[in-house]
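Coordinate analysis (summary)
Residues per chain, in single letters:
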Amino acid sequence: MEKADAQMLLIFGASGDLTTRKLIPALYELYVRNLLPENFVILGAARTVLTDNEFRRKQCDGILTSQKELSAKDARLSLFLKRVYYMGFDTQNTDEYETLKNRVEELQNLYSLPDNIVFYMATPPEMYEVIPLGLQKCGLAYTSDGFRRIVVEKPFGTDIKSAKHLTRLLESIFDEHDIYRIDHYLGKETVQNILVLRFSNGIFEPLWNRNYIDHVEIVSSETLGIGNRGGYYESSGALRDMVQNHLLQLMAFIAMEPPVAFDPESIRDEIAKVFKSLHHYTPEEMQEQIVRGQYTAGTIAGESVQGYRDEKNVSGDSVRETYVAVKIELDNWRWAGTPFYIYTGKRLSEKKTEIIIHFKSTPQQLFVGQCSGSSCNQLIIRVQPNESIALRFGLKIPGSGFEVRQVSMDFLYSSLSDKKLPDAYERLLLDVMLGDSTLYSRADAQEASWNFIDPIIKNWVKRGKDGLAFYASGSDPEEIDRLMPHDKKCNCCNEMM
Ligand SMILES: NC(=O)C1=CN([C@@H]2O[C@H](COP(=O)(O)OP(=O)(O)OC[C@H]3O[C@@H](n4cnc5c(N)ncnc54)[C@H](OP(=O)(O)O)[C@@H]3O)[C@@H](O)[C@H]2O)C=CC1
Ligand SMILES: O=C1O[C@H](COP(=O)(O)O)[C@@H](O)[C@H](O)[C@H]1O
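Residues numbered from 1 in each chain as written. Chains lettered and ligands numbered in written order. Predicted model: local features only at pLDDT ≥ 70, side-chain atom pairs only at ≥ 80, totals over all residues.

Quick reminder of the rule: UniProt positions are given in the numbering used here, feature names are shortened, and annotations may be inferred rather than shown by experiment.
Named according to an unreviewed UniProt entry, the chain is Glucose-6-phosphate 1-dehydrogenase originating from Coprobacter fastidiosus NSB1 = JCM 33896. For the chain, the Sequence similarities (unreviewed entry) comment in UniProt is given as "Belongs to the glucose-6-phosphate dehydrogenase family."

Right under this line is the structure:
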């Protein structure tokens, strides 16, 4: 496996949840697997005042939480943590950037590091402009003999205007190919395997189009509520939080044309084309094709939970959607007439992300019980949990007659290896260190997806609470039935998983 060049990873927002829960555990895992550069330093920065050792202890706890079997005394853990440093730093105070620059140079000298730096913005999005401007002013954004890369966490803008503005600002400081817009769904092993499943197997391609696929479902349901992210969620909602990025990306992997080569730009060209072919609805069509809902109090795993409007930092009469279902149409030759149904929501009955490709039925149903009148054939890609790929088809029930029932041929990732699948952030952090942007999203794709999302949000703002459905926590909204005719719904899939 290729190793990245010696470098520094400078994480802004290092005292926050993402750093401790995801980034540092992922970096430690890469270290253990011998995938980090031979020579590296991780420098965390945030306003909270912490010494290097206090920061290391906090990160050590984060790693131990993510790896239950690991001991705090493990020699590899202390060797890794020795390379982790911290500095108290207020991104809004321009004077502090000079101090940051001095600390960076001091560490580079201490470890004889070349001038290669990845900046990671794990701060609130309001800082995504402030930090690059500060780095530009103090000169840290530039190097004459190394590289600079910048990772931008989601959300990348809140609409097309802000996304374009942010891209313009970042491009005035960094080259576009050094800007890494992260979408952690693309770091998931099962999601990357969509590309391999499609483009390394000749058997699927002839069927992968409007002639053989009736419709596609992309579901990402969660049992968790919004937790302590009320402030963020009030301005975001399910459409911006999950659909604009993660779920449209999944759809693009299913819908894209084969790239001319397996390199970042060829792949990202095809993804951008999918987003550009999204059919934009009129306000009247939106009422038909899009459903939004909000959770009320209910029961999850036997425990009572409160409704969205009672959550911390949420308005008592909020109309923010915690659930959304969208029927998506793609105006292109491969997919015209084959809808993609995307649903996502918080506080639903189970946590799962899956893609179900529904193939068309036989022209005539010759057998009794033939999958209850619908097609027997589905390809199910279970992204999480119980990562798997299953192909469903009809077979004869043993005995007299010709009664058919649906059976499943399953591949379980757990049967491939007893090791747990790598966390999405491991892959994405490794890629940015290597300079591979294949699994990061490009400006044109982001903008095309905002172009699709913006009119929907504007329409909802205009309609206020009109059309907002309520569902009890722990249940699945019934309004979804309005989008998808009954004969298209797959009742069998869940039972078999
Ligand atoms: N947590 C998660 O699982 C995910 C998070 N994200 C995104 O990652 C980003 C960070 O999220 P998360 O870690 O949860 O957020 P937190 O609120 O937990 O952390 C934010 C961090 O930013 C720091 N910060 C805030 N203001 C400043 C400032 N003026 N100067 C320097 N540092 C500052 C905070 O530290 P201090 O107060 O010490 O300055 C803290 O370290 C967000 O944009 C979020 O959308 C994306 C996907 C998942
Ligand atoms: O980006 C986000 O994703 C999580 C869901 O991620 P998953 O990997 O657990 O499926 C979601 O809970 C969160 O609201 C959103 O910001």
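**Side note on the UniProt feature "binding site: substrate" (unreviewed entry) in the chain**
Our working definition: Under the DSSP-based scheme used, a helix requires at least four consecutive residues in state H or I and a strand at least two consecutive residues in state E, with every element numbered from the N terminus. Placing C-beta atoms from the backbone, we regard two residues as in contact once those atoms come within 7 Å.
Cross-referencing UniProt, the feature "binding site: substrate" (unreviewed entry) maps to His 184, Lys 188, Glu 222, Asp 241, Lys 346 and Lys 351 in the present numbering. With respect to the element layout, His 184 can be found in the loop between β6 (179-181) and α7 (189-199). Those residues in contact with His 184, other than ones at most four positions away along the chain, are Ala 424, Tyr 425 and Leu 428. Relative to the elements of secondary structure, Lys 351 occurs in the loop between β12 (340-345) and β13 (352-359).

**Re the pairing of strand β2 (residues 40-46)**
The criterion, for reference: Neighbour density around each residue's C-beta defines its exposure: 20 or more other C-beta atoms within 10 Å make it buried, 12 or fewer make it exposed, and counts between make it partly exposed, where C-beta atoms are placed from the backbone. The criterion for strand pairing is that DSSP finds at least two bridges linking the strands in question. Orient the strands so they point away from the viewer, and a crossover whose first-strand-to-second-strand path over the helix runs clockwise is right-handed.
With seven of seven residues buried, β2 lies mostly within the body of the structure. Where burial is concerned, the two faces of β2 agree: the one with Phe 40, Ile 42, Gly 44 and Ala 46 and the one with Val 41, Leu 43 and Ala 45 are both buried. Bridge analysis of strand β1 (residues 7-12) against β2 gives six bridges, and the strand direction is parallel. Note on β2: the bridge partner recorded for Leu 10 is Leu 43. Note that the unit made of β1, helix α1 (residues 17-32) and β2 has a crossover that is right-handed. Relative to strand β3 (residues 84-88), β2 runs parallel, the two being bridged by five bridges. Note that in β3 the partner of Ala 45 across the bridge is Met 87.

**Considering the site of ligand 1**
This is how it is decided: Nearness here has a simple definition: the residue's C-beta atom, placed using the backbone, must lie within 6 Å of the molecule or strand. We call Asp, Glu, Lys and Arg charged. Ala, Val, Leu, Ile, Met, Phe, Trp, Tyr, Cys and Pro are nonpolar, and the rest, Gly among them, are polar.
Close to ligand 1 lie 21 residues; Gly 13, Gly 16, Leu 18, Arg 47 and Thr 48 are nearest. Tallying contributions element by element places α1 first for the shell around ligand 1, with three residues. Residue composition of the shell around ligand 1, grouped by class: eight nonpolar, seven polar and six charged.

**Examining the packing of helix α8 (residues 230-255) against helix α9 (residues 264-276)**
Defined as follows: Axes here refer to lines fitted to C-alpha atoms; in helices the fit is confined to the stretch in contact. Angles between the N-to-C directions go from 0 to 180 degrees. Under this scheme an angle from 65 to 115 degrees is roughly perpendicular, one under 35 degrees roughly parallel, and one over 145 degrees roughly antiparallel; angles in between are oblique.
Their axes nearest at 9 Å, the elements α8 and α9 cross at an angle of 110 degrees. The angle between α8 and α9 falls in the class roughly perpendicular. Between α8 and α9, the residues in contact are Leu 248, Ala 252 and Ala 255 and Ile 271, Val 274 and Phe 275, respectively. Its residues placed into classes, the contact of α8 with α9 shows six nonpolar, no polar and no charged.

**A word on the UniProt feature "binding site: NADP(+)" (unreviewed entry) in the chain**
Residues annotated in UniProt with the feature "binding site: NADP(+)" (unreviewed entry) correspond here to Arg 47 and Lys 154. By the element assignment, Lys 154 lies in the loop between β5 (148-152) and α6 (160-171). Residue Lys 154 is classed as partly exposed on the basis of its 17 C-beta neighbours within 10 Å. For Lys 154, the contacting residues outside a window of four places in its chain are Ile 182, Asp 183 and Asn 245.

**A short note on unusual backbone geometry**
A cis amide bond, omega 0 degrees, links Lys 154 with the succeeding residue Pro 155. Within the secondary structure, Pro 155 sits in the loop between β5 and α6. The phi angle at Ala 301 is positive, at roughly 45 degrees, despite the residue not being glycine. Counting through the fold element by element, Ala 301 comes out in the loop between β9 (298-300) and β10 (303-305). In this model, Asn 386 sits at a positive phi of 45 degrees, which is unusual for a non-glycine residue. Structurally, Asn 386 can be placed in the loop between β14 (378-384) and β15 (388-396).

**Comments concerning the sheet that holds β6**
In sheet architecture, strand pairing relies on hydrogen bonds along the backbone and comes in two forms, parallel and antiparallel. Ordered by their spatial adjacency, six strands build an open sheet running β3-β2-β1-β4-β5-β6, and the pairing between neighbours is parallel. With one partner strand each, in any of the chains shown, β3 and β6 form the two edges of the open sheet. Averaged over all pairs of adjacent strands, the angle between their axes in this sheet comes to 20 degrees, without regard to strand direction.

**Focus: the environment of Leu 483**
Relative to the assigned elements, Leu 483 resides in helix α13 (residues 480-483). For Leu 483, a count of 18 C-beta atoms within 10 Å gives the class partly exposed. Taking C-alpha positions, Leu 483 is 6.0 Å from Gln 289, a pair spaced 194 residues apart along the chain.

**Observations regarding the pairing of strand β7 (residues 213-221)**
Most of β7 sits out of view: seven of its nine residues are buried. As judged from the eight bridges shared by β7 and β13, these two strands associate in the antiparallel manner. Residue pairing across strands places Ile 213 opposite Phe 359, the latter belonging to β13. Pairing between β7 and β12: six bridges, direction parallel. Bridge pairing in β12 places Val 219 opposite Tyr 343.

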